[in-house]
Protein chains: 2
Amino acid sequence: MSSAVQKRRPQTAQQFVLEELRRAITSGELRPGGPIRQEALAARFEVSRVPLREALKSLEAEGLVVHHVHRGYFVAELSLNDLEEIYRIRELLETEAVRIAVRRLPDGTIATLERIQREVERAADEGDVAAMAAANRLFHFTLIEASGMPRLVRLVTTLWDSTDAYRSLYYTESPHRKQAVREHRAVLSALRHGDEDAAVRRLDEHRAHAVAALREVLDLERD
Amino acid sequence: MSSAVQKRRPQTAQQFVLEELRRAITSGELRPGGPIRQEALAARFEVSRVPLREALKSLEAEGLVVHHVHRGYFVAELSLNDLEEIYRIRELLETEAVRIAVRRLPDGTIATLERIQREVERAADEGDVAAMAAANRLFHFTLIEASGMPRLVRLVTTLWDSTDAYRSLYYTESPHRKQAVREHRAVLSALRHGDEDAAVRRLDEHRAHAVAALREVLDLERD
DNA sequence: CGATCGGATATTGGATCCAGTATTGATAAT
DNA sequence: ATTATCAATACTGGATCCAATATCCGATCG
């Protein structure tokens, strides 16, 4: 419905800072484990520390940053165990969302998904990692939001956010992008047939491949 | 070294305010839908509005309060739809937690659960609603925490918190308390036999009864 | 030479003050 | 009488200032 998404600057400083911080963290610009210097960031965003701290409290609740009393905020660092737990929880929640969504699939949803999928494939071909990540995310959430379960969607959103910095690693490699494209096509095919079980199975495989790739990457990075 | 452990008074004002606010909301002292007047609450807790606002940001992320720009915070109000969604999500997450927990049940867990269950029964007999709610919660979380999945536990915790104000309604009636006692016994029995499926089934029933009761209560309260 | 203590500095936590927005209530016009 | 207008008020959002705590680094002592 609302596809006219213009870059409206948020009304309050905290909303602005929240968006900017989230982008900085999920893009990896602020390194996992690194400290968050409030004075410096406030200056960079041209706000005082007050709205910055409120934004950080929101991010803390989402698990993007951690807070130590009198020592400040640090970008959250995820171990392999953490990642596996997050993906397992995603599996539980997304499976439910997709099952409900398939049963009540609103008109035009499949057409929308196909349109998004074309963008995914374009980005995959051109090796545009950022666009690939964005389109991939849009694909999944278009489906999940069709469940009509707002809290479920919100939980899944925070789970995706908390691993965004790691997911980008995954899409930098062309074979992974091609794999994701194939898997999306399989999901779409299942959806066209209204086959709930098949759709869930395809998505599970999709997720499992991502976890396996992350496992490799993190093992390599170990020093 | 470390000073002697006193009455666990939180180190910072926001931690203190966060605990007090959570208690005030989950106990129903602050009514669902009601506005949160920052100046008044800050005065009551003898802090400034700054730590109060940071605590409110945390509670917003947990879903205990909602925030409207330039209008302030309000205690979250849950519709029956919301409650049903929350219980459904709890079912998904708690089922996983319990399955994992049963497989790796640490020594002494069952003994601990039996001890807690005695407290549940005592509170149920005496009609001590607050103690009943506390012991019931402890029972469930002792089991859930045995899963060793910290994020899962955290999610389930926030889901419980967000419905605490409504759950108390449930335990005010003696038949409901007796029912809960019976259901806990059934869960314990399944656990003693290491029967994962049975334990999950019992807990599902336990939850379903709670939802049914809430449905009644909310229908009655409709005016 | 290593460990420990103590002060200087950096950084966070909190209070107060100011600005901007929403709400309220009174007034006026139809 | 009803509604629109607009000023007074209440409350939130944000900036600045101050206090409390941690960290860093050099001096001192074993």
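Given the structure is predicted, the values throughout are model-derived calculations rather than measurements.

Now for the protein's contact with DNA strand D. With respect to spatial proximity, 17 residues lie near DNA strand D, and among them Thr12, Ala13, Ser48 and His70 of chain A together with Gly72 of chain B are the closest. Counting residues per element, the ones that place at least two in the surface near DNA strand D are α1 (13–26) and α3 (49–62) of chain A together with α2 (38–45) of chain B. Residue classes in the surface near DNA strand D are distributed as six nonpolar, seven polar and four charged.

As a matter of local geometry, DNA strand C sits amid 17 residues, with Gly72 of chain A together with Thr12, Ala13, Ser48 and His70 of chain B nearest to it. Of all the elements in the fold, those that place two or more residues in the surface near DNA strand C are α2 (38–45) of chain A together with α1 (13–26) and α3 (49–62) of chain B. If one sorts the elements of the surface near DNA strand C by residue count, α3 of chain B sits on top with three residues. In terms of residue class, the surface near DNA strand C is made up of six nonpolar, seven polar and four charged.

The next thing to look at is the packing of helix α5 (residues 109–126) of chain A against helix α6 (residues 129–145) of chain A. Residue and element names in this part refer to chain A. Between α5 and α6, the least distance of the axes is 8 Å, while the angle of their chain directions is 165°. Taken together, the axis directions place α5 and α6 in an arrangement best described as roughly antiparallel. Considering the relative orientation of α5 and α6, their crossing is left-handed. Between α5 and α6, the residues in contact are Thr109, Thr112, Leu113, Ile116, Gln117, Glu119, Val120, Ala123 and Ala124 and Ala131, Met132, Ala135, Asn136, Leu138, Phe139, Thr142 and Leu143, respectively. Looking at the contact of α5 with α6, its residues break down into 11 nonpolar, five polar and one charged.

What follows is about α3 of chain B. For α3 of chain B, built from 14 residues, the straight-helix expectation of 20 Å at 1.5 Å per residue is met to within 8% by its first-to-last C-alpha distance of 20 Å. Those residues of α3 of chain B that fall on the buried side of the exposure criterion are Leu52, Arg53, Glu54, Ala55, Leu56, Lys57, Ser58 and Leu59 of chain B. Tucked inside the fold, the buried residues of α3 of chain B contact α3 of chain A together with α1, β1 (35–36), α2, β2 (65–68) and β3 (72–75) of chain B. One or two steps after α3 of chain B, the chain reaches Gly63 of chain B, where phi turns positive at roughly 90°.

This next bit is on the relation of the copies chain B and chain A. Rotating chain B by 180° and translating it 0.0 Å along the rotation axis places it on chain A, where the RMSD comes to 0.1 Å. The transformation just described matches what one would write down for a two-fold rotation axis. Interface overlap between copies is the fraction of interface residues in one copy that are interface residues in the other; for chain B against chain A it reaches 100%, indicating a shared surface.

Attention now goes to the domain arrangement of chain A. All names here are of chain A. According to the domain assignment, chain A contains domain 1 (13–75) and domain 2 (80–221). A straight line from the C-alpha centre of domain 1 to that of domain 2 covers 27 Å. The partner domain 2 presents six residues to the eight residues of domain 1 that form the contact. The greatest single-element share of the side of domain 1 that touches domain 2, amounting to three residues, is contributed by α1.

This part covers the interface of chain B and chain A. At the interface, 19 residues of chain B touch 19 residues of chain A. Class assignment for the residues of the side of chain B that touches chain A results in nine nonpolar, three polar and seven charged.

In this section: the environment of Arg185 of chain B. Take Arg185 of chain B: it is sitting in helix α8 (residues 174–192). Remark: the alpha-carbon pair of Arg185 of chain B and Arg202 of chain B, spanning 17 residues in sequence, is separated by 9.5 Å.

Bringing the sheet that holds strand β1 (residues 35–36) of chain A into the picture now. All names here are of chain A. Taken in spatial order, the three strands line up as β1-β3-β2 in an open sheet, and their pairing is antiparallel. Only two strands of the sheet have a single partner each, and these edge strands are β1 and β2 (65–68). The sheet contact formed by β2 and strand β3 (residues 72–75) spans four bridges and is antiparallel. Within the sheet, the bridge partner assigned to His67 lies in β3 and is Tyr73.

Bringing the sheet that holds β2 of chain B into the picture now. Strand order in this open sheet of three strands is β1-β3-β2 (chain B), and the pairing throughout is antiparallel. Bordering the open sheet on either side are β1 and β2 of chain B, each of which pairs with just one other strand.

Moving on, we get to the environment of Glu91 of chain B. Residues and elements named next belong to chain B. Position of Glu91 among the secondary structure elements: in helix α4 (residues 80–103). A count of 18 C-beta atoms within 10 Å places Glu91 in the partly exposed class. Residues Glu91 and Glu62, spaced 29 residues apart in sequence, show a C-alpha to C-alpha distance of 18 Å. Sequence-distant contacts of Glu91, defined by excluding residues within four places in its chain, comprise Asp204 and Arg207.

What follows concerns the nonpolar core. Nonpolar side chains tend toward joint burial in soluble globular proteins. Grouped together as the largest cluster of nonpolar side chains are 98 residues, with contacts concentrated most on Ala97 and Val98 of chain A together with Ala97 and Val98 of chain B. Apart from the residues within four sequence positions on either side, Ala97 of chain A is in contact with Ile144, Ser147, Met149, Leu152 and Val156 of chain A.

To continue, consider unusual backbone geometry. Located in the positive-phi region is His70 of chain A, a residue other than glycine, with phi close to 65°. Relative to the helices and strands, His70 of chain A resides in the loop between β2 and β3. Notably, Glu46 of chain B is not glycine yet its phi reads approximately 60°, a positive angle. By the secondary structure assignment, Glu46 of chain B is in the loop between α2 and α3.

What follows is about the environment of Asp161 of chain A. All names here are of chain A. Examined against the element boundaries, Asp161 turns out to sit in helix α7 (residues 150–171). Spatially, the C-alpha atoms of Asp161 and Arg22 are 8.2 Å apart, while their sequence positions differ by 139 residues. The contacts of Asp161, once residues within four sequence positions are left out, are Arg22, Thr26, Glu62 and Leu64.

Each value, and the rule that gives it
Residues numbered from 1 in each chain as written. Chains lettered and ligands numbered in written order. Predicted model: local features only at pLDDT ≥ 70, side-chain atom pairs only at ≥ 80, totals over all residues. Near = placed C-beta within 6 Å. Helix = DSSP H or I, 4+ residues; strand = E, 2+ residues; numbered from the N terminus. Nonpolar A, V, L, I, M, F, W, Y, C, P; charged D, E, K, R; others polar. Axes fitted to C-alpha atoms, helices over the stretch in contact; angles between N-to-C directions. Parallel < 35°, antiparallel > 145°, perpendicular 65-115°, else oblique. Left-handed = near helix turned anticlockwise from the far one by under 90°. Contact = placed C-beta atoms within 7 Å. Expected span 1.5 Å × (residues − 1). Buried ≥ 20, exposed ≤ 12 C-beta atoms within 10 Å, placed from the backbone. Least-squares fit on C-alpha atoms with pLDDT ≥ 70 in both. Domains from an automatic or database assignment. Pairing = 2+ DSSP bridges. Core = buried A, V, L, I, M, F, W, Y, C linked by C-beta atoms within 7 Å.

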